[in-house]
Amino acid sequence: MKITILYFARIKEVVNYSSESVELPENITSIIALKSWLCDRGETWQKLFDGRGVVRAAINHELVDDMATFDEGDEVAFFPPVTGG
Amino acid sequence: MYLQVSVQAEDFDLGAELQQLKAATPQAGALVNFVGLVRELAADGQLSEMVIEHYPGMTEKALNQIAQTASQRWPLLGVRMIHRVGTLSGQAQIVLVATTSLHRQAAFEACAFMMDYLKTEAPFWKKEIGDFGQHWVEARASDEQAKQQWKLPK
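Residues numbered from 1 in each chain as written. Chains lettered and ligands numbered in written order. Predicted model: local features only at pLDDT ≥ 70, side-chain atom pairs only at ≥ 80, totals over all residues.

(A) Expanded view of the overall build of chain A. Of regular secondary structure, chain A possesses three helices and five strands. Overall, chain A shows an N-to-C arrangement of helices and strands of β-α-β-α-α-β-β-β. Here the C-alpha atoms of chain A give a radius of gyration of 12 Å, agreeing with the 12 Å that 2.2 N^0.38 yields for 85 residues. Considered along the principal axes of its C-alpha atoms, chain A spans approximately 35 × 30 × 20 Å. Expressed as a percentage of the 85 residues in chain A, the buried residues total 25%. Taking the intrachain contacts of chain A between residues at least 6 apart in sequence as the baseline, contacts between residues at least 24 apart amount to 49%. (Helix = DSSP H or I, 4+ residues; strand = E, 2+ residues; numbered from the N terminus. Rg over C-alpha atoms; globule rule 2.2 N^0.38 Å. Buried ≥ 20, exposed ≤ 12 C-beta atoms within 10 Å, placed from the backbone. Contact = placed C-beta atoms within 7 Å.)

Right, here's the structure in full:
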């Protein structure tokens, strides 16, 4: 399955790019599974998702929790807690 | 309900925005507004500028949803929301939330409600730049608590 992943603010600076298109194995369909799959890339990613800093997720512009699932072509975003206003 | 939401780099004319909201909702007996400003004194030094990043597409959707939620809870006549993005200097206007209603209570409460939700749900991130270097602003637990106080008793 192919999805787009976007990164914002501090997380964008940590991973060093703002978006990517990824081809996922069949069993990766939830946010929690996607985080774990990204952690296989190495230490930067493991640190990002180790639970010490909060990482929020959105699917197609809706805030979601770790158990949320996505489909082919969806847009997933990872970002820190928001600080607007 | 009259609703207008803008996410923009440009500054806004507060007087003109309120005048327009008033004109769009002639039945209103109350107009309330909140304007958020860039603080010149940051937590650890003098600020030279603030950079606001956002998630285009999701931002507009989140702001519209917040306004719709408020309008289901209070009898609002009009809502105007503006949030700026990009590089802002000290004392610059960041955000406007303005409401109109028949009587003051709905306008007051809905304005505060929308600011508390905007602070915790709309995808904006602030970075402070100054004599201390630069850092991303951390989310504050007090903002989350401010939102929680609007939860209706079950």
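(B) Main features of the overall build of chain B. Helices and strands together make up the secondary structure of chain B, namely four helices and nine strands. What you see in chain B, going N to C, is helices and strands ordered as β-α-β-β-β-α-β-β-β-α-β-β-α. The C-alpha atoms of chain B give 16 Å as radius of gyration, which agrees with the globular expectation for 154 residues (15 Å, within 12%). Referenced to the eigenvectors of the C-alpha coordinate spread, the extents of chain B come out at roughly 50 × 40 × 25 Å. Counting only residues that meet the buried cut, chain B has 35% of its 154 residues in that class. Within chain B, residue pairs in contact and separated by at least 24 positions form 77% of the contacts whose partners lie at least 6 positions apart.

(C) Molecular detail of the interface of chain A and chain B. Contact with chain A, which involves 14 residues of that partner, is made by 22 residues of chain B. If you list the elements that add at least two residues to the side of chain A that touches chain B, you get helix H1 (9-15) and strand E5 (75-79) of chain A. Class assignment for the residues of the side of chain A that touches chain B results in nine nonpolar, four polar and one charged. (Nonpolar A, V, L, I, M, F, W, Y, C, P; charged D, E, K, R; others polar.)

(D) The arrangement of the packing of helix H2 (residues 58-73) of chain B against helix H3 (residues 104-121) of chain B in detail. All names here are of chain B. Their axes nearest at 10 Å, the elements H2 and H3 cross at an angle of 145°. For the pair H2 and H3, the crossing hand works out as right-handed. Of the residues in H3, those touching H2 at Ala 62, Leu 63, Ile 66, Ala 67 and Ala 70 are Ala 110, Phe 113, Met 114, Tyr 117, Leu 118 and Glu 121. The residue makeup of the contact of H2 with H3, split by class, is 10 nonpolar, no polar and one charged. (Axes fitted to C-alpha atoms, helices over the stretch in contact; angles between N-to-C directions. Left-handed = near helix turned anticlockwise from the far one by under 90°.)

(E) Representation of the packing of H3(B) against helix H4 (residues 141-148) of chain B in the model. Residues and elements named next belong to chain B. In contact at an axis separation of 9 Å, H3 and H4 are set at 135° when each is read in the N-to-C sense. Between H3 and H4, the angle is such that the two are oblique. Crossing of H3 over H4 shows left-handed handedness. For the pair formed by H3 and H4, the contact residues are Asp 116, Tyr 117, Lys 119 and Thr 120 on the first element and Asp 143, Glu 144, Ala 146 and Lys 147 on the second. Classifying every residue of the contact of H3 with H4 by side-chain character gives two nonpolar, one polar and five charged. (Parallel < 35°, antiparallel > 145°, perpendicular 65-115°, else oblique.)

(F) Layout of unusual backbone geometry. Residue A:Asn60 is not a glycine yet carries a positive backbone phi of 45°. Along the chain, A:Asn60 turns up in the loop between strand E3 (56-59) and strand E4 (62-64). Classification of A:Asn60 as partly exposed rests on a count of 15 C-beta atoms within 10 Å. Phi angles above zero are rare outside glycine, and B:Gln91 is one such case at about 75°. Inspection of the secondary structure assignment puts B:Gln91 in the loop between strand E6 (86-89) and strand E7 (93-101). By C-beta crowding, B:Gln91 is classed as exposed, having 9 other C-beta atoms within 10 Å.

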